[in-house]
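# Summary of the model geometry
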Amino acid sequence: MSDSAGEGGSGGVTGAGQEAETDTEPPHQVPPLPEENTLDTGRTSEGGEPSAKRSRMNEGEPGLEQTAKPMKMDDNTPAQAAPPAPLSPPAQRTGEQTHSEEEGQEEVPKSRTGEENCHQNGDGVHDAPLDNEETKTEEDSPADSPGGGQHLGLDFTQNPQLLTGSWTEFATIPENYLKGCKWAPDGSCILSNSADNVLRVYNLPPEIYSYNWDLLPEMSPVLRMAEGDTIYDYCWYPKMNSLDPDTCFLASSSRDNPVHVWDAFYGEVRASFRPYNHLDELTAAHSLCFSPDGTQLYCGFDKTVRVFYTDRPGRDCEERPTTVKKQGQSGIISCFGFSPCQSVYACGSYSRCAGLYSCQDGTLLALLPTRHHGGLTHLLFSPNGNYLYTGGRKDPEILCWDLREPGKVVFSLKRNVATNQRIYFDLDQSGRYLLSGDTEGVVSVWDTLTASTDGEEELLQPQLRFKAHWDCTNGISIHPFMPLLATSSGQRQFPWPGDSEGDSASDGEGGEAVMSPQETRQDNTLSLWWAGPLGPAAGEGQEQSGAEVEA
């Protein structure tokens, strides 16, 4: 299946596969407690492979086994820094579940491990209702009390520092490029998606809290959740909190499969939502998004949004057409976003436009003008709900819309997007910084507060640009309350026409120049970056070794 899917909104499952194969999203991770004896994060080696990090209950081994390896750094990686005082890890998943090593105990699920126990979707999955009771306590909102009361803001006066990442995990299968990454809502873990149709969960390395960055090993997934076909979209449950395992789940949609809800503790399918078309055939959702309160799951289809209730798995849903009598928003609904302040959600479609709808009944409130050159692949509301950011495929612009005057673009942001796959962007919690990668591996940081207020649309220049990967940086996610960035890279590689032919005199330097960049640009990696304040000594080294990109 090629990434160059068509723009049109063809109905049915076949059209779904063509449109949304490249539309998969980003990874997240659950940080183990280095102090607690109940959750031991060990690293063991299997068959000579790089050490894998495992989260398990082990009362006999309270310590953290130190088998750290040197951190993989490229020539453009900034120097290690001497950061400020340590942070305290957020509330962790503790010994509420006693993980048993014995097989066959159904009431005691398996622990989150790095073993190759991918749970395939499909057969034998019971549609057990999801527990969506809100039992969040003060510790459940790390954004309000991060790091035990200490909050370090983002600092983009210098290049972010590469801490660690995961690259061996994606090197075993050819062209296993990543398709995005997403932090968990509680900031404890990272979720990634890749071309092998496996969702991976990575725990946040505990060494980050103590700033033992010289001991940071390569990250290994603690969970692998395998879908049966191309993953179109995935999202975290918004009330996810590691202290309450009932809230730790995520949803994913893949071609020719129902929407699956995965347990983020044990990697098993917890429930399924089965959308059917007018022929009573199972059809796949192209996009997913939980409502802010977590009670509903919105799924995007061709000219239709289906709303499932998370406490009622199965096929029952509410249908909300986006096109009525050829009026409204046409095309496949490819992305969602919910306003943080009003009962409004936004839908982006492959018809290159975005629409605003009422959460109560799905009434179309406003249809934004068609300004994008390609189908929309991602959109975000600003924290105050006044602005909507939209980006499309093979489209060089991210547009900022003023929702108080629907149809007005406040400013645009330029990035290099030469692929059909989703190129994510993200906003920090304050809404000040917007970050996005591009197909050249460069991450751009824009300060939205520098935008002009005179009412004229302008092209906002980035505050900082740095080389994050050698290949397409398709995913970026900002930690909910720590100055950490997660980025993912890779894209489908197409061989050049002359690759299989021998060198000829007419090719000369030309043939070699074509092959060399292609080989160096293959970079399928999940990376973790520190974007907070650094010590003065580190700042000097940063200026010399940082990979800042000339605008």
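We now turn to the structure provided with this report. Position numbers for residues start from 1 in each chain and track the written sequence from start to end. The predicted origin of the model limits local features to residues at a pLDDT of at least 70 and limits the giving and counting of side-chain atom pairs to 80 or more, whereas totals for whole chains, interfaces and linings rest on all residues. The basis for every side-chain value is the complete set of non-hydrogen atoms in the structure, without hydrogens or water.

This part is about the overall build of the chain. Only runs of H or I of at least four residues qualify as helices and only runs of E of at least two qualify as strands under DSSP, and these elements are numbered from the N terminus. If you tally the helices and strands in the chain, you get four helices and 33 strands. For every residue, the accessible area (1.4 Å probe, protein chains only) is compared with the maximum for its type, and the residue is labelled buried under 20%, exposed over 50%, or partly exposed between those bounds. Within the chain, the proportion of its 551 residues that are buried is 58%. Carbon and sulfur atoms make up 48% of the accessible area of the chain, which amounts to about 22200 Å² in all. Here the Shrake-Rupley method, with its probe set to 1.4 Å, supplies the accessible areas, and only the displayed protein chains count as covering residues.

Right, let's get into the environment of Trp-167. On the secondary structure map, Trp-167 appears in the loop between β3 (161–166) and β4 (178–183). Owing to a relative accessible area of 19%, Trp-167 belongs among the buried residues under this scheme. When the C-alpha atoms of Trp-167 and Ser-220 are compared, they prove to be 9.0 Å apart, with 53 residues separating the residues in sequence.

Now for the packing of aromatic side chains. The rule is short: rings of Phe, Tyr and Trp, with Trp giving its six-membered ring, pair when the centres are within 6.5 Å, and they are stacked under 30 degrees, edge-to-face over 60, tilted in between. Evaluation of the coordinates by the stated rule reveals 14 aromatic pairs. Seen in terms of ring centroids, Tyr-298 and Phe-336 are 6.2 Å apart; in terms of plane orientation they differ by 65°. Their pairing is edge-to-face. Here Phe-336 lies in strand β18 (residues 333–338) and Tyr-298 lies in strand β13 (residues 296–301), a separation of 38 residues in the sequence. Here the two residues Tyr-298 and Phe-336 agree in accessibility, since each one is buried. A network of ring pairs unites the aromatic residues Tyr-298, Phe-336, Phe-338, Tyr-345 and Tyr-357 as a single cluster. One residue, Lys-182, lies across the ring of Tyr-234, its end atom 4.8 Å from the ring centre. The criterion is that NZ of a Lys, or CZ of an Arg, lies within 6 Å of the ring centre and within 35 degrees of the ring normal, and then a charge sits over that ring. In this structure, Arg-393 is placed above the aromatic ring of Tyr-350, and the distance from its NZ or CZ to the ring centre is 4.2 Å.

Looking now at the pattern of salt bridges. When charged atoms on two side chains of opposite charge get close, those side chains can pair. Definition used for salt bridges: Asp or Glu carboxyl oxygen within 4 Å of a side-chain nitrogen of Lys or Arg. One pass over the full model with this rule turns up 14 salt bridges. Two residues, Lys-414 and Glu-397, come together in a salt bridge whose shortest N-O distance is 4.0 Å. Remark: Glu-397 occurs in strand β24 (residues 397–402) and Lys-414 occurs in strand β25 (residues 408–414); sequence separation between them is 17 residues. By relative accessible area, which is 43% here, Lys-414 ends up partly exposed. Its relative accessible area of 11% is what places Glu-397 among the buried residues. Taken together, the shared-partner salt bridges connect Glu-169, Asp-196, Arg-200 and Arg-224 into one network.

In this section: the sheet that holds strand β6 (residues 198–203). Here four strands make up an open sheet; going across it, the order is β4-β5-β6-β7 and the pairing antiparallel. Either end of the sheet is taken by a strand with one partner, and the two such strands are β4 and β7 (223–226). Neighbour to neighbour, the strand axes of the sheet diverge by 20° on average, direction disregarded. In the sheet, β6 pairs with β7 via four bridges, with the strands oriented antiparallel. Of the residues in β7, the one forming a bridge with Leu-199 is Met-225. A strand pair is defined by DSSP finding two or more bridges across the two strands. In this description, a line fitted to the C-alpha atoms serves as the axis of each element, helices being fitted only across the stretch in contact, and the angle between N-to-C directions of two axes falls anywhere from 0 to 180 degrees.

What follows concerns the environment of Gly-348. Relative to the helices and strands, Gly-348 resides in strand β19 (residues 344–349). A relative accessible area of 0% means that Gly-348 is categorised as buried. For the pair formed by Gly-348 and Gly-375, sequence separation is 27 residues and the distance between their alpha carbons is 8.0 Å. When checking whether two residues touch, look at their non-hydrogen atoms; a contact exists if any pair is within 4.5 Å. Leaving out residues up to four positions away in the same chain, Gly-348 has contacts with Gln-329, Ile-332, Ile-333, Ser-334, Cys-335, Cys-353, Ala-354, Leu-376 and Leu-379.

Tracing the chain through its elements places Ser-489 in strand β32 (residues 484–489). Taking relative accessible area as the criterion, Ser-489 reaches 0% and is therefore assigned buried. Distance and chemistry together define a polar contact, namely a pair of N or O atoms within 3.5 Å, with one atom able to donate a hydrogen and the other to accept it when in protein, and with adjacent residues in sequence counting only for side-chain atoms on both sides. One polar contact links Ser-489 to His-469, side chain to side chain, over a distance of 3.3 Å. Within the local environment of Ser-489, its side chain forms a polar contact with the backbone oxygen of Asp-523, the two atoms lying 2.6 Å apart. If near-sequence neighbours (up to four positions away) are discounted, Ser-489 is found in contact with Tyr-177, Leu-178, His-469, Asp-471, Cys-472, Thr-473, Asn-474, Asp-523, Asn-524 and Thr-525.

Glancing now at the pairing of β19. A large share of β19 lies buried, amounting to six of its six residues. Side chains Val-344, Ala-346 and Gly-348 of β19 all project onto a buried face; the interleaved residues Tyr-345, Cys-347 and Ser-349 project onto the opposite face, where all are buried too. Relative to β19, β18 is paired through five bridges, and the arrangement is antiparallel. Among the inter-strand pairings, Gly-337 is bridged to a residue of β19, identified as Ala-346. Here β18 folds back onto β19 in antiparallel fashion, the turn holding five residues. Following β19, the chain reverses through four residues before pairing antiparallel with strand β20 (residues 354–358); Arg-352 in that reversal takes a positive phi of roughly 75°.

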